[in-house]
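# Summary of the model geometry
Residues per chain are reported as follows:
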Amino acid sequence: MNKKKINTDDITNELQHSAFFPATQSPTINDKKQELTKNENDEEDTDSSSLQSSSNENKQSNKNDVITSSRHDVAYREWKDIIENTETHNSALRLTNEERFDIEDLVSELRRKYKIKTSMNELARLGLLYIVQDFKKNKTKSLVHNVKKS
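Everything numeric here is computed off the predicted structure, so don't read it as measured data.

### Describing the overall build of the protein
Secondary structure assignment for the protein yields 7 helices and 0 strands. The secondary structure elements of the protein, listed N-terminal to C-terminal, are α-α-α-α-α-α-α. Within the protein, buried positions represent 17% of all 150 residues. Partitioning the intrachain contacts of the protein with sequence separation of at least 6 by distance along the chain shows that 61% fall at a separation of at least 24.

Here you go:
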């Protein structure tokens, strides 16, 4: 039987940039240089630059809204108690082989590399908690709404 070797670094990288674990972005050196250049240009040409500047600020604030709204209000300890210590009911979750292998690799990496004990069931419940909270908070801007409307 041929076993497919999965690169856990790719999976980790993919998860870090996924809806469940979005990465926060901080300004780069180039962003800071562009901001300084923009400020210098604002002083030279106030009318046209101020319109462009406010437009750029609106675009930047829209980007930040998406990034910063992801997990800042998650009650980590409460969610941990929910996924580990609450009564549950049996349910079936249909996965592809690829999804199952990816989750098994994630569980193994968490256990081996980070000494975190978890299970496929706990990860699925955590993902569901996140999706439900995101929808309650963001409605038409939520992940599930945007994916299903695309």
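Following the structure, the description resumes.
### Comments concerning unusual backbone geometry
Positive phi, close to 60°, is recorded for Lys115, a residue that is not glycine. Note that Lys115 resides in the loop between α5 (97-114) and α6 (120-138). You can call Lys115 exposed: its relative accessible area is 70%. Look at Lys139: it is not a glycine, yet its phi comes out positive at around 45°.

### Section: the pattern of salt bridges
Taken as a whole and assessed by the stated rule, the structure comprises 2 salt bridges. Residues Arg77 and Asp81 are paired through a salt bridge, measuring 3.6 Å at the closest nitrogen-oxygen approach. With a gap of 4 residues between them, Arg77 and Asp81 both fall in helix α4 (residues 76-85), about one helical turn apart. Here Arg77 falls in the exposed class, since its relative accessible area comes to 55%. Measuring nitrogen to oxygen at the nearest pair gives 3.0 Å for the salt bridge that ties Glu104 to Arg100. Here Arg100 and Glu104 lie together in helix α5, a separation of 4 residues that amounts to about one turn.

### Remarks on the confidence of the model for the protein
Note: predicted coordinates in regions of low pLDDT should not be interpreted at a detailed level. Averaged over every residue, the pLDDT of the protein is 75; residues scoring 70 or more account for 52%. When the elements of the protein are averaged for pLDDT, helix α3 (residues 46-68) gives the smallest value, 51, and α5 the largest, 97. A low-confidence stretch, residues 43-51 (pLDDT under 50), is modelled with 4 contacts involving residues beyond four sequence positions or located in other chains.

### Observations regarding the side chain of Thr118
Relative to the elements of secondary structure, Thr118 occurs in the loop between α5 and α6. Residue Thr118 is classed as buried on the basis of its relative accessible area, which comes to 19%. One polar contact links Thr118 to Glu122, side chain to side chain, over a distance of 2.9 Å.

### Some points on the packing of α4 against α6
Remark: α4 packs on α6, axes separated minimally by 9 Å, with the N-to-C direction vectors making an angle of 135°. Classified by the interaxial angle, the pair formed by α4 and α6 is oblique. The chirality of how α4 crosses α6 is right-handed. Packed against α4, whose contacting residues are Trp79, Ile82, Ile83 and Glu84, the element α6 presents Glu122, Arg125, Leu126, Leu129, Tyr130 and Gln133 at the interface. Of the residues that constitute the contact of α4 with α6, the class distribution is 6 nonpolar, 1 polar and 3 charged.

Basis of the calculations
Residues numbered from 1 in each chain as written. Predicted model: local features only at pLDDT ≥ 70, side-chain atom pairs only at ≥ 80, totals over all residues. Heavy atoms only, no water. Helix = DSSP H or I, 4+ residues; strand = E, 2+ residues; numbered from the N terminus. Buried < 20%, exposed > 50% of the residue type's maximum accessible area, 1.4 Å probe, protein only. Contact = heavy atoms within 4.5 Å. Salt bridge = Lys/Arg side-chain N within 4 Å of Asp/Glu carboxyl O. pLDDT = per-residue confidence, 0-100. Polar contact = N/O pair within 3.5 Å; in protein donor to acceptor, adjacent residues only side chain to side chain. Axes fitted to C-alpha atoms, helices over the stretch in contact; angles between N-to-C directions. Parallel < 35°, antiparallel > 145°, perpendicular 65-115°, else oblique. Left-handed = near helix turned anticlockwise from the far one by under 90°. Nonpolar A, V, L, I, M, F, W, Y, C, P; charged D, E, K, R; others polar.

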